[in-house]
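Observations on the three-dimensional arrangement
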Amino acid sequence: MTQASSLDPARALLRRVFGHDDFRGLQSQVIAEALAGRNALAVLPTGGGKSVCYQIPSLLRPGLGIVVSPLIALMTDQVAGLRQAGVSAARLDSNISLDERSDTWRRIGEGTLDLLYISPEGLMQGPMLERLAAHDIALIAIDEAHCVSQWGHDFRPEYRMLGRLAEVFPGAPRMAVTATADARTRADIRAELRLADAAEFVASFARPELQLSAERKQGKGRDRVVELVLQRPNRSGVVYTGSRAGADEIAEALRARGVAADAYHAGLDRTLRETRLTRFLEDDDRVMVATIAFGMGVDKPDVRYVIHADSPASIDAYWQEVGRAGRDGLPAEGIALYSASDMAFAARRIAERDLAPEVSQVQMRRLRQLYAMLEGATCRAAAVRRYFGETEVEACGQCDVCLDPPQLDDVTEAAQKALSAIHRLGGRFGRGRIVDHLTGKTRDVSEHERGLSTFGIGAGWSATSWRDLIDVLVFDGLAAEDPNDGKPLVGLGDGEGVRAVYRGERRVLMRARTAVAAARERTRSPRGNAVEAPAEAYPLFDALRVWRKARAAEQAVPPYVIFHDRTLLEIAMARPVTVEALGQCGGVGQGKLARYGQDVLRIVREA
Ligand code: ADP
Ligand code: ZN
């Protein structure tokens, strides 16, 4: 059989159940692999349609499809979405009532359950494995598979147990899927999950719907975050902060300005977190201010922007977090604020973690790569994609760097002065004191310090410029910050690099101050009202959203599990009058057509 014909049933299912015309990107290849009963490792970007890759083979192959997923929120959403589409799906986790549990087991026994979602620790319990092993298993999918790797940022020790699945279910094809895995992480996934023979599918990391930008923070940057959010009214957004206190603080500041904002972090009790999560998912204009405790598996498709109030932890983390915006494929923004002290803080966190030396070196290198991207003068999207190993990447044409290439000044000479000042001061002082030293403004200066050749050597530059330069030196690894309990001391960094700068062999470049200031002042025109469509479509789109919200509330599910914005927009533009025409709209499968078709057609008629 040719691949085209062997995929026909899969394509028919994609249309009938999920309402999509055809496979996208690597989906068809991944699905073909699983249908042939072979293992696979698939790295598809967020929003790339990973779930279909394991859902369709699970439905087509005889037996139960098992999906291992790290987060209950993700499972809840997927199961709700599948049920809406008429698929027999269930999850087993600690929140499930006894009744529901026994019903699920009954369906497994009868062979009428198609998909079972379960956490790694839930699955690997002895009795659970034994019970499942007695049934036919169509496929085992391991979602967020990068969690198995300690090189990554989401390492979860319980993922390591999943290697055993190879022995327990020798006949079932296994599929590892993730949105983030560089070559090293992929190697780890293969080794840990015993997928040595798995074919590898790595999609492009391009996310053309994301408009990226980054700016250096002024101070703590809180006011700037509030300003950015206020510039984007009535839209759903996520603000990531580096600390719980930061999340509380910013949420409070936003509420004070009338924004519907909630904080979300691990310090809040679980019911409060759940209420806030539900509220965020159900509304289309809420802002969640959160630590990284929020997000993995939060699949809200209409998040229009992600703001990093503090720098992310690595490019991997950045891409995953930013990737939560624009999952419906409509334009969205990723705005990162960063600073040298964020970098120092992250470095300290790495140092404090109990990691093997080589792991901690890898983490440090990743941290530096992140700041090279944030502070750099090359297209941000291209920088990220190269980091993930893509070649022949073109500039995106829409990030801040592409739109307004920063002017870079050669500040090598000033860097030499600053580095020798840091050297002479022996790493005993913080930024402020070093700048005072350079500008000759140190209060109550000692005879010794006044006598140093670097004292007052930089009087020609403003204190702000010196501060900026010291930040650049830190980003470049030429200077290093010792956290010193929150009062960071600046010392020399990489010796080889510093010597090269002294010799003039390595140039130090810094964004022209004017460009930094201009970038801050430039008020980016907020993107169209979440969706781009002819104005005539909006009244109907809004009417459909009101209807969707009511139906969602009745069933206690988030609105987008009924229909995505994208689907509603397509309906609003197409104005179908027959069931057949409605079925042609992307995202309207048979199940939803039967359930909601008449309602939708009535609204179209009446609008
Ligand atoms: P992720 O890879 O992030 O898990 P999902 O599986 O949630 O992505 O899919 C992201 C979005 O893309 C969903 O709205 C889904 O309905 C849609 N989608 C998936 N496959 C297709 C397809 N072949 N054609 C059109 N839309 C698709
Ligand atoms: Zn670009």
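Residues numbered from 1 in each chain as written. Chains lettered and ligands numbered in written order. Predicted model: local features only at pLDDT ≥ 70, side-chain atom pairs only at ≥ 80, totals over all residues. Heavy atoms only, no water.

Moving on, we get to the overall build of the chain. Across its full length, the chain carries 29 helices and 17 strands. For 607 residues, the compact-globule estimate of 2.2 N^0.38 gives 25 Å, and the chain sits close to it at 27 Å. For the chain, the C-alpha atoms occupy an extent of roughly 90 × 60 × 50 Å along the three principal directions. Within the chain, the proportion of its 607 residues that are buried is 56%. Within the chain, contacts between residues at least 6 apart in sequence are counted, and of these 73% link residues at least 24 apart. About 25,500 Å² of surface is accessible on the chain, with carbon and sulfur atoms providing 49% of the total. With 80 positive and 81 negative side-chain charges, the chain shows a spacing of 1 Å between the two charge centroids. (Helix = DSSP H or I, 4+ residues; strand = E, 2+ residues; numbered from the N terminus. Rg over C-alpha atoms; globule rule 2.2 N^0.38 Å. Buried < 20%, exposed > 50% of the residue type's maximum accessible area, 1.4 Å probe, protein only. Contact = heavy atoms within 4.5 Å. Areas by Shrake-Rupley, 256 points an atom, 1.4 Å probe, with all protein chains shown as cover. Lys, Arg positive; Asp, Glu negative; His and termini not counted. Charge placed at Lys NZ, Arg CZ, Asp CG, Glu CD.)

With that settled, consider the coordination of the zinc ion (ligand 2). Here the zinc ion (ligand 2) is held by the protein donor atoms Cys379 (SG), Cys396 (SG), Cys399 (SG) and Cys402 (SG), which lie 2.3 to 2.4 Å from it. The site at the zinc ion (ligand 2) holds four donor atoms, and with the angles between them running 103 to 120°, its shape is tetrahedral. When the donor residues of the zinc ion (ligand 2) are listed from N- to C-terminus, their spacing reads C-x16-C-x2-C-x2-C. Remark: Cys399 occurs in the loop between helix H17 (380–387) and helix H18 (400–403) and Cys379 occurs in the loop between helix H16 (357–375) and H17; sequence separation between them is 20 residues. The buried category is assigned to Cys399, whose relative accessible area is 0%. (Donors = N, O, S within 2.8 Å, 3.2 Å for Na, K, Ca; no water. Tetrahedral: all angles 85-135°; square planar, octahedral: opposite > 155°, others 65-115°.)

With that settled, the discussion passes to the confidence of the model for the chain. The predicted model of the chain has a mean per-residue pLDDT of 88, with 94% of residues at 70 or higher. Ignoring residues within four places in sequence, the model shows residues 514–531, a span with pLDDT below 50, making 31 contacts including any to other chains. (pLDDT = per-residue confidence, 0-100.)

A word on the pairing of strand E13 (residues 332–338). Of all the seven residues making up E13, seven are buried; the element is thus mostly covered by neighbouring parts of the structure. Relative to E13, strand E8 (residues 210–216) runs parallel, the two sharing seven bridges. Within E13, the residue paired with Ala214 across the bridge is Ala336. For the handedness criterion, the β-α-β arrangement of strand E12 (residues 305–308), helix H14 (residues 315–322) and E13 is classed as right-handed. (Pairing = 2+ DSSP bridges. Right-handed = clockwise from strand over helix to strand, strands pointing away.)

Looking now at the packing of helix H11 (residues 222–230) against helix H12 (residues 244–256). For the pair H11 and H12, interaxial distance at closest approach is 10 Å and the crossing angle is 50°. When the interaxial angle is binned, H11 and H12 end up oblique. Once H11 is placed against H12, the crossing between them reads as right-handed. Touching Arg222, Val225, Val226 and Val229 of H11 are Gly246, Glu249, Ile250, Ala253 and Leu254, all from H12. (Axes fitted to C-alpha atoms, helices over the stretch in contact; angles between N-to-C directions. Parallel < 35°, antiparallel > 145°, perpendicular 65-115°, else oblique. Left-handed = near helix turned anticlockwise from the far one by under 90°.)

Before going further, it helps to spend a moment on the sheet that holds strand E1 (residues 40–43). A sheet is described by the order of its strands in space; here seven strands give the open sequence E3-E4-E2-E5-E6-E1-E7, paired in parallel fashion. What marks the edges here is a single partner per strand, and that holds for strand E3 (89–92) and strand E7 (199–202). Averaged over all neighbouring strand pairs, the angle between strand axes comes to 20°, with direction disregarded. Bridging between strand E2 (residues 64–68) and strand E4 (residues 115–118) involves four bridges; their strand directions are parallel. Across the sheet, residue Gly65 finds its bridge partner in E4, namely Leu115. Against the sheet, helix H3 (residues 27–35) makes contact with E1, strand E5 (137–142), strand E6 (174–178) and E7, and its axis sits at roughly 160° relative to E7, the strand it touches most.

Among the secondary structure elements, Thr46 is positioned in the loop between E1 and helix H4 (50–60). Residue classification places Thr46 among the buried positions, given a relative accessible area of 13%. Remark: the alpha-carbon pair of Thr46 and Gly323, spanning 277 residues in sequence, is separated by 5.8 Å. Setting aside its immediate chain neighbours within four residues, Thr46 contacts Ala179, Arg207, Gly323 and Arg327.

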